[in-house]
Amino acid sequence: MRIARSKDDPLDAGNAAGLLVDGTGTVLGCTPAAETLLHRRADELCGRRVQDLLADPGRWRDVMAQRDGPVWEGRAVVREGGGGETEVMFRVLPLDPGQPDRRVSRFFLLGAPWALVLKWRQDHAFMQELFLQERVGFAVFDRELRLVRTNTQLLPYTGVPPDLRGLRLAEFLWEEDAGVIDEQLRKVLTTGNPLVAMDALVRTRVDPGRGRIMALSAFRLQETDGRVMGVTALFTDVTEQRRARERLDLLHRATAVLGNSLSVAETTQDLADVLVPVLADLAAVDIAEAGFAHEEPGPEHQRHHVLRRAAVAARAGAGAGRLPTGGSMRVDVGDGLRGRVWGRPAEQPSADADADADADANANADVLGDADTWPGSLPGPGTRSGMSALLRARGRLLGRVMVWRDGDRAPFGADDLDLLEEIASSAALVVDNARRYARERHASVSLQRSLLPPMTTETAAVQSFSVYLPTDTAGGVSGDWFDVIPLSSARVALVVGDVVGHGLEATAMMGRLRTAVRTLADLDLEPDELLTHLDDLVSQLTVENSSYENGTQTPERRSAYDSFGATCLYVTYDPVSRQCAMASAGHPPPALVAPDGTVSYVDVSPGPPLGVGGLPFEPVELEVEPGSVLALYTDGLVERPQADLDEGMAALKSRLAAADVLGRPLRDVGQEVVADLAPSPLSDDVTLLLARTRGVPAQDSVMWVLEPDPAVVADARALVVGQLSRWDLDELAFTTELVASELVTNAIRYAGGGPVELKLIRTTTLICEVSDPSSTQPRMRRARATEEGGRGLFLIAQLTERWGSRYTRHGKTIWTEQPLPGAP
């Protein structure tokens, strides 16, 4: 077999063991290397036949028969002097080949261990193939980091000279990139520590805008005596792998980020931020205008849509001001915004653009558009390429996301568009969920606010101000409610309640309970009695809802209805007697700020929540001085996820004490008390109702006890007229005299013989009350023309602004109200 000669070949004369053999195969002489290889001295080898040195002497003829040219080689097993055997590779060199008709008289046999020859040949093939292969760039640098030898595929890109021998990297690569690589190679030269797969950006001087990512590995080369020769480096193009990994990382990051909020504004901003700067230099997200109005966006097949720019992001120096937010625009989807890449050509395109750029251009030829046909699509002259993808969900167009790259980055390609559309597809679902949540929450909040009274109310009994903060949880608002209900005789009822659950169901139930409380309050029931009726109502509603929902809803929603319940605190205050009565159905107690500034919680038994049934509610009565402030609230104000309820109540007490409740408007106090809650996410609705009590002066109220004798009716009329005259209310004397006369007459006639009380109260209205021991409620009816009586209550209803009756502990009271002269 013909071989290629090399100075490092183990079978070269300078490296191998040598035997001089004559034509008969007798050893005439040997080299020291032969003595070492065969473990025999020269005097033992000379004069012996070569075939006697073989483990199989018959192999000598085969060796001589392998001749296929002037020089030939083969393998054989030789016997060592110590009795061992070793396989060698030999080469036969005829010394006097002579003429073809003459036989060779002498040979020179060269031999080396077969394992050593095999290793050398593997190393030789490895080095040869390294410089011939085309997938990995291979270069040898000297100690000055000048290129000594490279393969043809070192850097097969635009701007790399064909012959690199003697050049430094900085002579054809971008100086910054060459500096990074030289620094790493110099470390290898200095320390001897190999470098493995370090990513390095490679850009040529001719085309610095295009770069490739190379995985750089290097090791030091040394002479046999240890002197450093240089460094060998391998350059592997991993651009596509790194970009694919970047795309995958971007997709994973977008998936993780986009699910963090139920706000459309935050979601769109998160989407824009995640795209910059990894994918683009500028990003903008446009959302359908209908979404901001809590309406359904148009179907995706609709041609024209009105979008509003909701979010913008830009890398440092790119200038986000080129893309202002908040503006609306009319978009024609049919003109190509459905997944497009567009751009302007480079101002000075390279004549020898690399093959990758040509492939990208061909792949994108069907999606590229002329920048002039996209008004406003390239924001600024420095922007080179743009791309857009639509946000679609449930057959509706929610918006679009648009990204741009500046001139120093490669234009967008088809792979970039696929990535953007995949991110847009995931983002569209998140935006749709956020939009639908915002819509339901808006409906819930609007419904709840429409069911609640005004924030500020003014009555003869109290001045009130309320604060309501809806929850930030996924369920939307909950069932918190409050109310200030005017009662008869200048009294007032204060109500705060909380329905279990969140969302529209809780809001609707809150509306039903608030209506029920107002209806029951109109009957002037005691607080504990009112809560008992309300408890029965809640129990009935729970049964009704469970029966209905079990046949029409999922088990999750059924369980929500099955566990329906509510808490409620009902308080009444009489400005005449200064008496305050209250009862609680599982609700936190109210705080009372006394006129001296002390803050305390009323000791009221919480009682069972509404809907439990079968348990009584304990009423509490106390005297409240005018000018005091009652603070009613829901548990959202005092409960925290990681705090004890007692800590929350203590904190509320401290805030009330520090807020100067008595000397400041209630509006300022209420906003200060909840100020630290507004910026933080709320797990439950927060409701606070502040009521500053008022009192009716003693001179504005008068009461007479009358005997149940028809003769006292005339006295009653005289008493009323005289008192009105002292109050300078002579204009109301005739009407009030008639009303009192009718009410006293009915009380004497139907009271059953007990005493009759007549009371006049002057507040914002003139109140006339007549009380008797009878529990029979009066009923207004239409008297027939032939009847002499039965028209008293009808006349009272026509002459007064409103009238009614209420049960008391000793009978009943009939009352009327008339506006004062000059009152609005």
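Treat the numbers as computed from the prediction; the structure is a model and nothing was measured. (Residues numbered from 1 in each chain as written. Predicted model: local features only at pLDDT ≥ 70, side-chain atom pairs only at ≥ 80, totals over all residues. Heavy atoms only, no water.)

Peer 1: Sorry, what's going on with the sheet that holds strand β27 (residues 686–693) here?
Peer 2: Strand pairing in a sheet is mediated by backbone hydrogen bonds. Such pairs are either parallel or antiparallel. The antiparallel open sheet is built from 6 strands, whose spatial order is β17-β18-β27-β26-β23-β24. Edge positions in the sheet fall to β17 (456–458) and β24 (599–601), since each has one partner strand and no second. The sheet shows a mean angle of 20 degrees between the axes of neighbouring strands, direction not considered. Here β17 pairs with strand β18 (residues 462–469) via 3 bridges, running antiparallel. (Pairing = 2+ DSSP bridges. Helix = DSSP H or I, 4+ residues; strand = E, 2+ residues; numbered from the N terminus. Axes fitted to C-alpha atoms, helices over the stretch in contact; angles between N-to-C directions.)

Peer 1: Even after reading the chapter, I still don't get the environment of Phe172, so can you show me in this structure?
Peer 2: Mapped onto the fold, Phe172 is located in the loop between β7 (147–150) and α5 (175–191). Separated by 33 residues in sequence, Phe172 and Arg205 have C-alpha atoms that sit 5.7 Å apart.

Peer 1: Would you mind going over the layout of surface pockets with me for this structure?
Peer 2: Take a probe with the size of a water molecule and roll it over the atoms, and the empty space left behind shows itself. The space that makes up the second largest pocket amounts to roughly 910 Å³. Along the wall of the second largest pocket there are 33 residues; nearest its centre are Glu526, Asp574, Arg806, Thr808 and Arg809. Looking at the lining of the second largest pocket, the elements that each hand over two or more residues are β21 (566–573), β22 (579–585), β28 (701–706), β29 (756–762), β30 (765–772), β31 (802–808) and β32 (811–819). It is β29 that provides the largest number of residues to the lining of the second largest pocket, a total of 4 residues. Partitioning the lining of the second largest pocket into residue classes produces 13 nonpolar, 8 polar and 12 charged. (1 Å grid on protein atoms, 1.4 Å probe; cavity = no way out; pocket = protein on both sides within 12 Å on 5 of 7 lines; lining within 4 Å. Points joined across faces, edges and corners; volume = space filled by probe spheres on them. Nonpolar A, V, L, I, M, F, W, Y, C, P; charged D, E, K, R; others polar.)

Peer 1: Any chance you could explain the nonpolar core here in plain terms?
Peer 2: Note on soluble globular proteins: their nonpolar side chains tend to be buried together. Among the nonpolar cores identified, the biggest contains 50 residues, and Trp481, Leu494, Leu531, Leu534 and Tyr570 are the most heavily contacted of them. Residue contributions to this core peak at 8 residues, all from helix α11 (residues 504–521). Within the second largest apolar cluster, 36 residues are counted, among which are Ala254, Val285, Leu391 and Ala393. (Core = buried A, V, L, I, M, F, W, Y, C linked by side-chain atoms within 4.5 Å. Buried < 20%, exposed > 50% of the residue type's maximum accessible area, 1.4 Å probe, protein only.)

Peer 1: Explain the packing of helix α6 (residues 239–258) against helix α7 (residues 264–275) here, please?
Peer 2: Describing two packed helices takes the angle between their axes plus the distance from one axis to the other. Their axes nearest at 10 Å, the elements α6 and α7 cross at an angle of 160 degrees. One way to sum up the angle between α6 and α7 is to call them roughly antiparallel. Between α6 and α7 lies a crossing whose hand is right-handed. Where α6 approaches α7, its residues Leu250, Arg253, Ala254, Val257 and Leu258 are matched on the opposing element by Thr267, Asp270, Leu271 and Val274. Considering only residue class, the contact of α6 with α7 consists of 6 nonpolar, 1 polar and 2 charged. (Parallel < 35°, antiparallel > 145°, perpendicular 65-115°, else oblique. Left-handed = near helix turned anticlockwise from the far one by under 90°. Contact = heavy atoms within 4.5 Å.)

Peer 1: Looking at this structure, how should I read the pattern of salt bridges?
Peer 2: Where charged atoms from two side chains of opposite charge come close, those side chains can pair. Scanning the model with the defined rule gives 34 salt bridges in all. With its nearest N and O atoms 4.0 Å apart, the salt bridge here joins Arg436 to Asp432. In this pair, Arg436 and Asp432 are both assigned in helix α10 (residues 414–451), 4 residues apart and thus about one turn of the helix distant. Residue Arg436 is classed as partly exposed on the basis of its relative accessible area, which comes to 42%. (Salt bridge = Lys/Arg side-chain N within 4 Å of Asp/Glu carboxyl O.)

Peer 1: What is the right way to read a nonpolar patch on the surface from this model?
Peer 2: A surface patch of nonpolar side chains, about 460 Å² in accessible area, is lined by Phe734, Leu738, Phe794, Leu795 and Leu799. Contributing elements (two or more residues each) for the nonpolar patch: α17 (733–750) and α18 (792–799). Here the element with the most residues in the nonpolar patch is α18; it accounts for 3 residues. Tracing the chain through its elements places Phe794 in helix α18. Since its relative accessible area comes to 33%, Phe794 is described here as partly exposed. (Patch = residues over 30% accessible without salt bridge, like charges linked within 9 Å, V, L, I, M, F, W, Y side chains within 5 Å. Areas by Shrake-Rupley, 256 points an atom, 1.4 Å probe, with all protein chains shown as cover.)

Peer 1: Teacher, can you tell me more about helix α16 (residues 712–726) here?
Peer 2: An α-helical segment advances 3.6 residues per turn. Residues three or four places apart therefore align on the same side. Given a rise of 1.5 Å per residue, 15 residues ought to cover 21 Å, and the 21 Å separating the end C-alpha atoms of α16 matches this to within 8%. Taken together, the buried positions of α16 are occupied by Val712, Val713, Ala716, Val720, Gln723 and Leu724. Seen along its axis, α16 keeps its buried residues to an arc of 115 degrees; they face one direction. (Expected span 1.5 Å × (residues − 1). Arc of directions from axis to C-beta.)

Peer 1: Would you explain the sheet that holds strand β1 (residues 17–22) in this entry?
Peer 2: With antiparallel pairing, 5 strands are arranged side by side in an open sheet as β2-β1-β5-β4-β3. Single-partner strands in this sheet number two, and they are β2 (27–30) and β3 (72–79). Across the sheet, the mean angle from the axis of one strand to that of its neighbour is 30 degrees, orientation sign disregarded. Judged from the 3 bridges that link them, β1 and β2 form a sheet pairing that is antiparallel. Pairing of Val21 across the sheet is with Val27, part of β2.

Peer 1: How should I be thinking about empty space enclosed by the protein in this particular structure?
Peer 2: Under the definition given, this model contains 2 cavities of 30 Å³ or more. Considered as a void within the structure, the largest cavity measures approximately 260 Å³ in volume. If you trace the largest cavity, you find 17 residues lining it, with Leu19, Val78, Val88, Phe90 and Leu109 closest to the centre. Of all elements in the fold, only β1, α1 (32–38), α3 (59–65), β3, β4 (85–94) and β5 (106–113) reach the threshold of two or more residues within the lining of the largest cavity. Split into classes, the residues belonging to the lining of the largest cavity amount to 16 nonpolar, 1 polar and no charged.

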